[in-house]
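# Observations on the model geometry
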Amino acid sequence: MLDYSIGKRCNYSICKQQDFLPFTCQLCDSAFCSEHRTPEAHECKKQSVKKQAIICPICNKGVSYTSGQNENIVWEQHFQKECTQQPTQKKSCPTCNTKLTSLNSVQCKTCGKEVCLKHRQIEDHDCFFPKRKNIPEPKSIQNQTIQQNNINQNQQSAYQPQQGNEQEICQICGKTFPYVMQLIRHSEIHNS
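Residues numbered from 1 in each chain as written. Predicted model: local features only at pLDDT ≥ 70, side-chain atom pairs only at ≥ 80, totals over all residues. Heavy atoms only, no water.

As enumerated under the stated definition, the model contains one salt bridge in all. Across the pair Glu114 and Lys91 runs a salt bridge, and its minimum N-O distance is 3.5 Å. Taken as a pair, Glu114 in strand E8 (residues 114-116) and Lys91 in the loop between helix H1 (71-81) and strand E7 (105-107) lie far apart in primary sequence, 23 residues in all. By relative accessible area, Lys91 is classed as partly exposed at 49%. (Salt bridge = Lys/Arg side-chain N within 4 Å of Asp/Glu carboxyl O. Helix = DSSP H or I, 4+ residues; strand = E, 2+ residues; numbered from the N terminus. Buried < 20%, exposed > 50% of the residue type's maximum accessible area, 1.4 Å probe, protein only.)

Following this line, the structure appears as structure tokens:
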């Protein structure tokens, strides 16, 4: 004998078949047999009401609406009541009017203006601070460049033996060397 307390009867008016593994419709929450489980198969009354969503281009939030509503009206209501951000004016470079984005813009550290990459230098845009002209370098930088030039000149002739009996003399300790390169290596001892 069959136990009719297990399972449920199909709620479709034509079928009413006892099903031991019934399906529940997500729209109307009624139980149906495998043959009538889809909303189309059992002519679901709530099938015409579909939920949809649009994404607000300003605040990037989803705005849901049903198929009976106009999406333009729904978005307008969202914009007036719920939208957190108002549209921002598009930024452009004050020098060339190029549209600025986060990838092609730089803020000048001197005047604070936001400019395109082409006009990022102080000389290239209307910076209200004085423009840099030939600013003399500090003495320490000048000395370093002079020493670097001397080392470069010495390295060119470092591996060539001195003509005649000339010897290189260390100015710190007085030691003599037949090659310039040996003197340079020796001078590193005094610098460390």
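The residue Ser30 is located in the loop between strand E3 (23-24) and strand E4 (31-32) in this model. Relative accessible area serves as the criterion here: at 22%, Ser30 is assigned to the partly exposed category. Distance in space between the C-alpha atoms of Ser30 and Asn11 is 6.6 Å, their sequence separation being 19 residues. Setting aside residues up to four positions removed in sequence, Ser30 forms contacts with Asn11, Phe23, Thr24 and Cys25. (Contact = heavy atoms within 4.5 Å.)

A few words on the pairing of strand E6 (residues 62-66). Only one face of E6 is buried: it carries Val63 and Tyr65, and the other face, with Gly62, Ser64 and Thr66, is open. Hairpin connection between strand E5 (residues 51-55) and E6: a loop of six residues separates the two successive antiparallel strands, and Asn60 in this loop has a positive phi of roughly 60 degrees. (Pairing = 2+ DSSP bridges.)

This brings us to a nonpolar patch on the surface. Judged by side-chain polarity, Ile6, Phe20 and Leu21 come together as a nonpolar surface patch covering roughly 340 Å² of accessible area. Within the fold, Phe20 resides in the loop between strand E2 (18-19) and E3. With relative accessibility at 45%, the residue Phe20 sits in the partly exposed group. (Patch = residues over 30% accessible without salt bridge, like charges linked within 9 Å, V, L, I, M, F, W, Y side chains within 5 Å. Areas by Shrake-Rupley, 256 points an atom, 1.4 Å probe, with all protein chains shown as cover.)

Since the α-helix turns once every 3.6 residues, residues separated by three or four places project in the same direction. A rise of 1.5 Å per residue sets the reference length of helix H3 (residues 180-191), with its twelve residues, at 16 Å; its end C-alpha atoms lie 17 Å apart and thus fit the reference within 8%. Within the span of H3, buried status applies to Val180, Met181, Leu183, Ile184 and His186. (Expected span 1.5 Å × (residues − 1).)

Let's shift gears to the nonpolar core. If you look at the biggest cluster of nonpolar residues, it comprises six residues: Cys10, Tyr12, Cys25, Phe32, Cys33 and Cys44. Excluding its chain neighbours within four sequence positions, the residues that come into contact with Tyr12 are Phe32, His36, Ala41, His42 and Glu43. (Core = buried A, V, L, I, M, F, W, Y, C linked by side-chain atoms within 4.5 Å.)

Another aspect to go through is the side chain of His78. Tracing the backbone shows His78 in helix H1. In this structure His78 comes out as buried when scored by relative accessible area, which is 3%. Sequence-distant contacts of His78, defined by excluding residues within four places in its chain, comprise Cys56, Cys59, Val63 and Cys83.

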